[in-house]
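The chain contents come next:
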Amino acid sequence: MTWVPAKKNIPNVNIISLTHAIAKDISGVSLPELIEFGWEQFVLSVTRTRGMQVQVEGLSSEKREKYLTRYALTRAEGINTFIDEDTEVLSFVTALNALPDDERPSMAGNVGAAVADLTMESLGFHWRANAAELKLWQSSGAGTSRKTPDYVYDPGSQHGFDAGSVVIVEAKGSLSATEAQEAAVNRRARSAFKEQVEDFIGAQPVGLTVANGFAISFGSVPGTQESRLAIASPQTVGVEPQPASLSAAAVGGVRRIRLSQPQPQQQERKIQQEYVKQQFQQPVQQKRGGGGGGGGEGEGRREGERAEPSGRIAFANYENLFLICGAGNAAAFLRSILAGGSEGELKEEAQFQEFRVHYSDPPIFGGPNGPWSYGIYAPSVEAILRAAAANRSGPPATVDLPLAPAGGTAEVAVPVIMQGDGFAYVHPPGGAHYKTWDLIKGDWV
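Caption draft 1: Local environment of the overall build of the protein chain. Of the regular secondary structure elements, the protein chain holds nine helices and 19 strands. Burial status across the protein chain gives 56% buried among its 445 residues. Here the contacts in the protein chain between residues at least 6 apart in sequence split such that 75% fall between residues at least 24 apart. Carbon and sulfur atoms form 49% of the exposed surface of the protein chain, whose accessible area is close to 17400 Å².

Take a look at the structure:
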């Protein structure tokens, strides 16, 4: 399934700049003039964020895999049923209002989480997990009753961050006639930052440092063909002006929007934000590469690029992806390491993972009985499993991992669409052969 037009966008983006005494400056990242994505990217983010929601202690890998199969993998199809096909804007038809009262908030939450994930992906934050992995209530002394953020993202030692630095994200979504209006969406982003993000910035849980945070709120009133996004963070938005002699089309239709620390000049900030709003609302002059943002300059990721996320977030990230793709033994192996276990606790048959190797370019691996449309970039699989074999008593401080190359445009169909950590949608799925990986030795059998 695809969209026609091939991409959806969110043209109304409001950057809410807040102050914070110790938030780490984020450098070298930019948002495009539109938050824009294809159907495959949307499906990937819906699926993985639903998977992260059940990434909590107390649930076995078998139960989580079952929940993913029965629920997370069907969410994108259900959401897609109500997306308005007559506009490029990510919006919803009025038929959504016919859903039961308890179903609409759930769908709104699913959409909000996916949009937040796509936003972070476009900023170049490619490795993520449920924020429960950080055990923030322990490091902050707030207690388990304190509201904590939804997700944690690892910049991979990029964007000016030191190794072991992470950012936390709270995602909100509304598809209500009242709560999806602009003022309500902005208010929700502000309150979410204050209640679930602000006090945790600077915390140092499980050997990591929470360097910054975002609250990202999405809203769309069904039937309006409009949507909006509010991003609250201790950052302000600076716009790099284009040379006067160059048109938007001549520079690829992207005006650079950098994130930096808030400045004291309030009037200048107001003028700057109004200009940013105008730029977001301008029509796209030229289609840009798909496959998610590369971060920094809005350009696509290139093969051979690498990053160093923390071992804990990287292991949790790929545990989720292995479960989605039906590679349960690999997922259980990573979780045993995150829990401080050892290979001795794994049954002998669980020390091997069979993979389906897609006949695709780039190479993609999936689990033997997993959904054919989902897979993981082969170099990412091999790198994370070799790191796991070498660190079986606990995740390492950092892991050297490849960045999956971006590929595809809105005009050209490609067989594989990937996010930066290698999570892939194979469209359409083709043939495959099978190989077995020895989890303990860290190599092919």
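The discussion continues.
Caption draft 2: Inspection of unusual backbone geometry at higher detail. In this chain, Val4 is followed by Pro5 through a cis amide linkage whose omega measures 0°. Within the fold, Pro5 resides in the segment before strand E1 (7-10). Asp361 connects to Pro362 through a cis peptide bond whose omega is 10°. Take Pro362: it is sitting in the loop between strand E12 (352-358) and strand E13 (364-366). Non-glycine residue Val206 carries a positive phi angle of around 40°.

Caption draft 3: Here's a closer look at helix H3 (residues 103-122). For H3, which comprises 20 residues, the first-to-last C-alpha distance of 29 Å matches the rise-based estimate of 28 Å (1.5 Å per residue) to within 8%. Burial of H3 is extensive: 15 of the 20 residues sit out of reach of the surface. Gly124 lies just past H3 and shows a positive phi near 95°.

Caption draft 4: Main features of the side chain of His126. Mapped onto the elements of the fold, His126 is located in the loop between H3 and strand E4 (127-130). Side-chain polar atoms of His126 contact the side chain of Glu121, separated by 3.1 Å.

Caption draft 5: Local environment of the packing of helix H7 (residues 311-324) against helix H8 (residues 328-338). At a minimum axis separation of 8 Å, H7 and H8 run at an interaxial angle of 155°. Considered as vectors, H7 and H8 are oriented roughly antiparallel to each other. Here H7 runs over H8; the crossing is left-handed. Residues Arg312, Phe315, Ala316, Tyr318, Glu319, Phe322 and Leu323 of H7 touch H8, and the partners they reach there are Gly328, Ala330, Ala331, Leu334, Arg335, Ile337 and Leu338.

Thresholds applied
Residues numbered from 1 in each chain as written. Predicted model: local features only at pLDDT ≥ 70, side-chain atom pairs only at ≥ 80, totals over all residues. Heavy atoms only, no water. Helix = DSSP H or I, 4+ residues; strand = E, 2+ residues; numbered from the N terminus. Buried < 20%, exposed > 50% of the residue type's maximum accessible area, 1.4 Å probe, protein only. Contact = heavy atoms within 4.5 Å. Areas by Shrake-Rupley, 256 points an atom, 1.4 Å probe, with all protein chains shown as cover. Expected span 1.5 Å × (residues − 1). Polar contact = N/O pair within 3.5 Å; in protein donor to acceptor, adjacent residues only side chain to side chain. Axes fitted to C-alpha atoms, helices over the stretch in contact; angles between N-to-C directions. Parallel < 35°, antiparallel > 145°, perpendicular 65-115°, else oblique. Left-handed = near helix turned anticlockwise from the far one by under 90°.

The values are spatial; any link to function lies outside them.
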